[in-house]
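Here's the letter readout for the chains.
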Amino acid sequence: MHEPELHDLSDDADYAASIQQGSASMTRSDSRRLSSTSEADGAEVVYSKENVAIHPTQYASERISGRLKLIKQGNSLFMTWIPYKGQSSNARLSEKDKNLYTIRAVPFSDIRSIRRHTPTLGWQYIIVVMSSGLAFPPLYFYNGGVREFLATVKQHVLLVRSVEDANVFLVNDFENPLQRTLSSLALPMAVSVANVPSTAAVGSTSGAGQERGESDKSSSNLQQNGRQGQKHYDPARDISIQVLEKFSLVTRFARETTSQLFRDGFIDGFTPNEGRKQGGSPAYHHITPSNDPPKVPDEVSVAPDPVEFDKLSLVWGKPRQPPLGKEEWATFLDAEGRVKDSQALRKRIFYGGVEHNLRKEVWTFLLGYHAYDSTYAEREYLMSVKKAEYETIKRQWQSISPEQARRFTKFRERKGLIDKDVVRTDRSLSFYDGDDNPNVYLLRDILLTYSFYNFDLGYCQGMSDLLSPILYVMRDESESFWCFVSLMERLGPNFNRDQSGMHTQLFALSKLVELLDKPLHHYFERNDCLNYFFCFRWILIQFKREFEYEKTMRLWEVLWTHHLSEHLHLYVCVAILKRHRTKIMGEQMDFDTLLKFINELSGQIDLDATLREAEALCICAGENGAACIPPGTPPSLPIEDGLVYPQLEDDIL
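Quantities reported herein were computed from a predicted structural model and do not represent experimental measurements. (Residues numbered from 1 in each chain as written. Predicted model: local features only at pLDDT ≥ 70, side-chain atom pairs only at ≥ 80, totals over all residues. Heavy atoms only, no water.)

A. Spatial organisation of the pattern of salt bridges. Counted according to the given criterion, the structure contains 28 salt bridges. Put simply, Asp421 and Arg424 hold a salt bridge, and the shortest N to O gap is 3.5 Å. On the basis of relative accessibility, which here comes to 8%, the residue Arg424 falls in the buried class. Residue Arg545 is joined to Asp465 by a salt bridge in which the shortest nitrogen-to-oxygen separation is 2.9 Å. Note that Arg545 is positioned in the loop between α22 (536-540) and α23 (549-560) and Asp465 in helix α18 (residues 463-474), a separation of 80 residues in sequence. Grouping residues by exposure puts Arg545 and Asp465 together as buried. What you see here is one network of salt bridges that share partners, running through Arg359, Glu550, Arg554 and Glu557. (Salt bridge = Lys/Arg side-chain N within 4 Å of Asp/Glu carboxyl O. Buried < 20%, exposed > 50% of the residue type's maximum accessible area, 1.4 Å probe, protein only. Helix = DSSP H or I, 4+ residues; strand = E, 2+ residues; numbered from the N terminus.)

B. The side chain of Asp445, seen in detail. Turning to its location among the elements, Asp445 is positioned in helix α17 (residues 438-453). With near-sequence residues (within four places) excluded, Asp445 lies in contact with Tyr390, Lys394, Trp397 and Glu477. (Contact = heavy atoms within 4.5 Å.)

C. Representation of the confidence of the model for the protein in the model. Of the residues in the protein, 65% have a pLDDT of 70 or more, and the chain-wide mean is 74. The weakest mean pLDDT in the protein belongs to helix α9 (residues 264-267) at 34; the strongest belongs to helix α13 (residues 356-366) at 97. Note that pLDDT drops below 50 for residues 638-653; the model gives that stretch 48 contacts with residues more than four away or on any other chain. (pLDDT = per-residue confidence, 0-100.)

D. Summary view of the nonpolar core. In terms of nonpolar packing, the biggest core is built from 149 residues, with Phe108, Phe149, Met463, Phe524, Tyr532, Phe534 and Leu577 touching the most fellow members. When residues in this core are grouped by element, the largest group, 9 residues, is from helix α24 (residues 568-579). Beyond its immediate sequence surroundings of up to four residues, Phe524 is in contact with Cys529, Leu530, Tyr532, Phe534, Leu577, Ile584 and Leu594. The next biggest cluster of nonpolar side chains, apart from the first, holds 7 residues, and it includes Ala53, Tyr125, Val129 and Ala135. (Core = buried A, V, L, I, M, F, W, Y, C linked by side-chain atoms within 4.5 Å.)

E. Quick look at the pairing of strand β2 (residues 64-73). Of all 10 residues that make up β2, 10 are buried, and the element is covered over most of its length. The sheet contact formed by strand β1 (residues 43-54) and β2 spans 9 bridges and is antiparallel. Residue pairing in the sheet places Tyr47 in a bridge with Leu70 of β2. Note: β2 against strand β3 (residues 76-83), 8 bridges, orientation antiparallel. In the strand pairing of β3, Gln73 is matched with Ser76. As consecutive antiparallel partners, β2 and β3 are separated by 2 residues, and within that stretch Gly74 has a phi angle of approximately 65 degrees, a positive value. (Pairing = 2+ DSSP bridges.)

F. Seen up close, the environment of Ser131. By secondary structure assignment, the location of Ser131 is in the loop between β6 (124-130) and β7 (139-141). The class for Ser131 is partly exposed, based on a relative accessible area of 41%. Separated by 21 residues in sequence, Ser131 and Asp110 have C-alpha atoms that sit 5.4 Å apart. When neighbours within four sequence positions are excluded, Ser131 is seen to be in contact with Ser109, Asp110, Ile111 and Arg112.

If you want it as structure tokens, here you go:
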């Protein structure tokens, strides 16, 4: 079969159709050349698009619209996105909130790839991935214009269409295009975070994707590779750890350089009406580079916690209780097996957890697999029905022949990711240790079956971390699968391609810290840390890498009770940050140092004390805390009224 020229986009119909539009855009941009710009400066706006939006939540009505621009400065091309002022359609988002998402002066020399999404239904959007392995929030083109954007970019930088994915365009890929392509395919795992000047953007798993690409030769499939996977096991393979390591490469120098090059005057946002008042075209200003170093205060005084939360000591959580045992569990059930008081049961588990030998039974209630008012007989019947349903779904992928798989790209990709991930998931546990471990095969089978059960979401790295404790507890393939399905109904948005679920949680976390610890919030604001990306790992896999295995299971069952709040995990984040606020502020940690510090807290966090502090914070925050969290924020159960902004998936096959 004829392979297209790697550096040729002529076989892309969308691109070919846009060449003429792109040329017209270049002509229009010439008329907008800055009158005050000299040939030496060479600054001009070569592309400008109105009504390009970012979605901070899952609700379409809460979008933030703005202007996307490409700016040429000498031989360099920069991208900016500035939100409109005074045009928020939702009172929850203030001007200050909207400014968190501003993208200021990102040089294309720091951009690795651009992924294009052109769904049949819905709006086109792009995801820009940085060389450091980070990604900006998806940019939605409500009035079209993705093709013209790509055409304009290609006029100024080398743009290479990936041979692995026609919707991925590599930027300035001079050395090894194919190798870099493999690392750019992990875009579904990017998380949207904003307010990161210059090259700082949001978390992506490109680093993990690169690891997968480099390990293709040594781990082609699970059957041939159980022993080999064990030999090459790397504890640092966890996606969140790799993301943090990649993100730490974004240096303060890069952020300051571009922020100095592009002053706010040049890229300050204004509404389309303001532009018309000034004569029908935007008024751009001359770029004035500055060599003055940023002013940093000599010392930072750590302010005490806000007075309004002094009552924390009065409500500092009830003491933790022993875990729920078998005898006590029996008192919650009637003669036919119904839970008599589900609220009292959840409250009891919230304060003590569950004994391990009882988890297999209790977790099915906490996860929603079994109803609290179901009887023994009803549960037995449901399990038999669900077992047959599971086997039916499993046979779908088991029946795929090698010949059919050769023509089923999405299946091959997902199976390959799962095969590589399961042989590196919790292998330090005896339950998953050893070559040809049957439990590792069960882990793979359940994940593959889930990718067929929920084909839209499929499989993303991190899901194996969520399934592992469930299989460890349930010790049954079918029951583990359905419990995992129930958990993913809550946490599935964490893995959305448009990253809406993760972004909404990080946004809510920033508002909670602002409410519960203003000095810490102001410190993060001064040090460009308001993206809260350092909490990404905590939220994505529910603190699984922060505690020992047993403590992780204890934490999960506490969170699953939804006692006090279904978003207690966000208050856990706040509690950890508050506990270390003196060190963070006293040592004047910048963004990179904070990332490293948070990562090194793994295994050092006191779970019981943290839960008590999270409870106290949740009680003190009350309705104000609940108001900080947008409706539908995970782990909320799915909303069926059609208000939730849908996940736009354009390349299912």
